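Chain by chain, the residues run as shown.
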Amino acid sequence: MARRRIIAGNWKMNMTPSQAVELVNTLKDLVVNDAVDVVYCVPAIDIVPVVEAVKGSNVAVGAENMYIEDKGAFTGEISAPMLVDAGVKYVIIGHSERRDYFKEDDAFLNAKVKKAFEAGLTPILCCGESLEQRESGVTMDWIRLQIKSDLVGVTADQVKSMVIAYEPIWAIGTGKTATSDQAQEVCKGIRDLIAEIYDTDTAEAVRIQYGGSMNASNAAELLSKPDIDGGLIGGASLKADFGQIVNA
Ligand code: PEP
C-alpha cells in the first residue's frame, strides 16, 4: 500500500499572528496538491488565527510543542486538549532544538507521544544525530535508542498513524543537506527498526520524513527515495519555496 506523502513546515519562533495570516494567504495557491498532506506547524500564539486562515484549504495545522498534563498549575505550558480544541491536528515532538535547548529527554518525550495520541493528535516525532556522532559511526545506534525510548508503550496501530522525522542535527538550519543516499539509509534503518519492534505492516504504514535544509532545489531528489515519505521543513517553509517542495 502506497504511503501518502506529508510535507510539514516548522515555522519555529517566527511570524507574529498578523504575519502568520499574511504568509498563509501568500502560500494558499502554491500549496494546493490533493496527493500530499500539507501541514503548517506554527508558534502557539499563531494557532488560532492560522486555523481560521486555512479553513477551506488543503492545509492542516500543527503545534511545535505541548505539555504532558491536561491542565493545572503549569504556568506557560499548553496542553494537548487545548490544541485539539483549537483545531490542531499534528504536534512536533522531540525536535532537536527542544532536546538541546530545553533539555527534553526521551522519557519526557515518550510521555508526550502517549499524551498526543490520547488527545487525538498525530505526533511528528523527531530524531537525529550530531555531526560528532555521524563522524564516530554511531548514527544508527543513536537513532535506534531515541526511537525505541520514545515509543515505549506505544501500540502498533498508533505507530501506523504517526510520522517520524529523521533530522540530522548538522543539517538543520545550516544549508548542509544530507545526501539523498545518507537520508535514505537512515530512513530505511528507522523502518527496519519499526519492523523489528512491531511488525512489517506497521513498518510499511508509518510515514518517515527527512528534515534538514530541504529546499526547492533538493526536495525532488530526496523525495524520490523509497523510504522518504515527506519532509519537515524549517527555513524554506516561510517562503514561496514551500509550494515548490509540496509539488516536488
Ligand atoms: C527543522 O527545523 O525541522 C528544519 C529542518 O529546519 P531547516 O529546514 O531550516 O533546516
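Note that the structure is a prediction, hence the values are computed from the model and not measured.

## Here we look at the sheet that holds strand 7 (residues 207-211)
Phase 1: Sheet architecture is closed into a barrel: 8 strands sit in the order 1-2-3-4-5-6-7-8, paired in parallel fashion. Strand after strand, the sheet turns through a mean of 25 degrees between neighbouring axes, direction not considered.
Phase 2: Looking at chain direction, strand 1 (residues 5-10) and strand 2 (residues 36-42) are connected through 6 bridges and run parallel. Paired with Arg5 across the strands is Val36, a residue of strand 2.
Phase 3: Each of strand 5 (122-127), strand 6 (163-166) and strand 7 is contacted by helix 9 (residues 180-197), which is oriented at about 145 degrees to strand 6, the strand it contacts most.

## Overview of the site of the ligand
Phase 1: Every one of the 14 residues lining the ligand counts as a neighbour, but Lys12, Glu167, Gly173, Ser213 and Gly234 are closest to it.
Phase 2: A distance of 2.7 Å is found between an oxygen atom of the ligand and a side-chain nitrogen or oxygen belonging to Glu167.
Phase 3: Within the backbone of Ser213, an N or O atom sits 2.7 Å from an oxygen atom of the ligand.
Phase 4: Bound to the protein, the ligand loses 96% of the 300 Å² it would expose on its own.
Phase 5: Considering only residue class, the shell around the ligand consists of 4 nonpolar, 8 polar and 2 charged.

## What to know about the pairing of strand 5
Phase 1: With 6 of 6 residues buried, strand 5 is to be regarded as a mostly interior element.
Phase 2: Sheet analysis places strand 4 (residues 90-93) next to strand 5, joined by 4 bridges and oriented parallel. Bridge pairing in strand 5 places Ile92 opposite Ile124.
Phase 3: Across 4 bridges, the pairing between strand 5 and strand 6 is parallel. Each bridged residue has a counterpart across the sheet, and for Cys126 the counterpart in strand 6 is Ala165.

## What to know about helix 7 (residues 139-150)
Phase 1: For helix 7, built from 12 residues, the straight-helix expectation of 16 Å at 1.5 Å per residue is met to within 8% by its first-to-last C-alpha distance of 17 Å.
Phase 2: Buried within helix 7 we find Thr139, Ile143, Gln146, Ile147 and Asp150. Looking straight down helix 7, one finds that the buried residues subtend no more than 90 degrees of arc, so they occupy a single side.
Phase 3: Residues of helix 7 that are buried in the fold lie against helix 4 (96-101), helix 5 (106-119), strand 5, helix 6 (131-135), strand 6 and helix 9.

## Things to note about the environment of Ala8
Phase 1: With respect to the helices and strands, Ala8 occurs in strand 1.
Phase 2: C-alpha of Ala8 to C-alpha of Val38: the two residues are 30 residues apart in sequence and 5.8 Å apart in space.
Phase 3: Contacts of Ala8, omitting those with residues within four sequence positions, involve Val39, Ile124, Gln209, Gly231, Leu232, Ile233 and Phe242.

## Focus: the pattern of salt bridges
Phase 1: Counting across every chain of the model gives 20 salt bridges.
Phase 2: Between Arg134 and Glu129 there is a salt bridge whose closest N-O contact spans 2.7 Å.
Phase 3: Glu129 sits in the buried class, given a relative accessible area of 0%.
Phase 4: A single salt-bridge network, built from bridges that share partners, covers Arg3, Arg191, Glu204, Asp227 and Asp229.

## Regarding the packing of aromatic side chains
Phase 1: Using the criterion set out here, one finds 5 aromatic pairs in the structure.
Phase 2: Note on Tyr67 and Phe74: the rings are 5.0 Å apart at their centroids and 45 degrees apart in plane angle, and the pair reads as tilted.
Phase 3: Three or more aromatic residues joined by ring pairs make a cluster, and in this case those are Trp11, Tyr40 and Phe242.

Here is what the cut-offs are and how they apply
Residues numbered from 1 in each chain as written. Predicted model: local features only at pLDDT ≥ 70, side-chain atom pairs only at ≥ 80, totals over all residues. Heavy atoms only, no water. Pairing = 2+ DSSP bridges. Helix = DSSP H or I, 4+ residues; strand = E, 2+ residues; numbered from the N terminus. Axes fitted to C-alpha atoms, helices over the stretch in contact; angles between N-to-C directions. Contact = heavy atoms within 4.5 Å. Near = heavy atom within 4 Å. Polar contact = N/O pair within 3.5 Å; in protein donor to acceptor, adjacent residues only side chain to side chain. Areas by Shrake-Rupley, 256 points an atom, 1.4 Å probe, with all protein chains shown as cover. Nonpolar A, V, L, I, M, F, W, Y, C, P; charged D, E, K, R; others polar. Buried < 20%, exposed > 50% of the residue type's maximum accessible area, 1.4 Å probe, protein only. Expected span 1.5 Å × (residues − 1). Arc of directions from axis to C-beta. Salt bridge = Lys/Arg side-chain N within 4 Å of Asp/Glu carboxyl O. Phe/Tyr/Trp six-rings, centres within 6.5 Å; stacked < 30°, edge-to-face > 60°.

Distances and angles like these do not, on their own, reveal function.
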